[in-house]
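Geometric and topological summary
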Amino acid sequence: MQKTAIFPGSFDPFTIGHESIVRRGLSLFDKIIISVGYNSSKKGYFPLEKRLEWIGNVFENEPAVEVTWFSGLTVDFCRKMNAGFILRGLRTAADFEFERAIAQVNKAMDNKIESVFLLTIPEHTPVNSTIVRDIIRHGGDASRFVPRGVNIGDYKL
Ligand code: ADP
């Protein structure tokens, strides 16, 4: 049976840490659906369309990766997409505690969906979307923290 994973997140914006988790995940799954969680009351920094476009650029030559968005519960979205796995990345012990709670609740809601975690490579431990947004807010160059195709430098808020 085809193994499909959802990689859910805000991706505001998508970073080299996210990219690495997806590329490594491709050795485990036949298909990875990068799914930007959308919450109308918490719109985020970059518009949803830009986040989707940029992630699409990064994986334009990777047929095993799909990019889409969803709202609502991740487990409901997994069922809709016929995905048996939720892929997440772990950087720190704080990530672990946060992810543990979410994964256990997801498991309680749907016992058939498994969460799978990949530990970040050491160089990516400090990389996160909040830092990238802070650099941009203060006029700095954050390009080294985002993959080619995530054109934050061209984007004017
Ligand atoms: P969320 O808003 O759900 O936390 P994020 O966009 O921040 O979503 O992250 C999505 C997933 O990617 C999470 O599992 C997060 O732990 C993981 N992640 C974020 N940054 C990194 C990184 N530098 N290395 C590895 N995993 C990461």
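Notes on the structure in this doc start here. (Residues numbered from 1 in each chain as written. Predicted model: local features only at pLDDT ≥ 70, side-chain atom pairs only at ≥ 80, totals over all residues. Heavy atoms only, no water.)

Things to note about the overall build of the protein chain
Formally: Runs of H or I in DSSP of at least four residues are treated as helices and runs of E of at least two as strands, each being numbered from the N terminus. Taken over C-alpha atoms, the radius of gyration is set against a globule rule of 2.2 Å times the number of residues to the power 0.38. The cut-offs for exposure are 20% and 50% of the maximum accessible area for each residue type, with area from a 1.4 Å probe on protein chains only; residues under the lower value are buried, those over the upper are exposed, and the others partly exposed. Any two residues having at least one pair of non-hydrogen atoms within 4.5 Å are treated as being in contact.
Scanning the protein chain for helices and strands turns up five helices and five strands. Computed over its C-alpha atoms, the radius of gyration of the protein chain comes to 15 Å, within 12% of the 15 Å expected for a compact globule of 157 residues. Considering only C-alpha atoms, the protein chain reaches an extent of 45 × 35 × 35 Å along its principal axes. In the protein chain, which comprises 157 residues, the share counted as buried stands at 41%. Counting contacts in the protein chain only where the partners sit at least 6 residues apart, residues at least 24 apart contribute 76% of the total.

A short note on unusual backbone geometry
Trans peptide bonds make up the majority, and among non-glycine residues the majority have a negative phi. For the bond running from Asp12 to Pro13, omega is 5 degrees, close enough to zero to count as cis. Among the secondary structure elements, Pro13 is positioned in the loop between β1 (4–9) and α1 (16–25). For Phe11, which is not glycine, the phi dihedral falls at a positive 50 degrees. Looking at the element boundaries, Phe11 is found in the loop between β1 and α1. By relative accessible area, Phe11 is classed as buried at 3%. Non-glycine residue Asn82 carries a positive phi angle of around 60 degrees.

A closer look at the nonpolar core
Quick reminder of the rule: The definition of a nonpolar core used throughout is a set of buried Ala, Val, Leu, Ile, Met, Phe, Trp, Tyr and Cys residues joined through side-chain atoms within 4.5 Å.
If you look at the biggest cluster of nonpolar residues, it comprises 26 residues, and the most contacted ones within it are Phe7, Phe14, Val22, Ile34, Phe59, Leu87 and Ile152. Those elements that provide at least two residues to this core are β1, α1, β2 (31–37) and α2 (48–58). For this core, the element with the most residues is α2, which contributes five residues. Core analysis: the next-biggest nonpolar cluster, separate from the first, contains nine residues, Phe70, Cys78, Ala83 and Ile113 among them.

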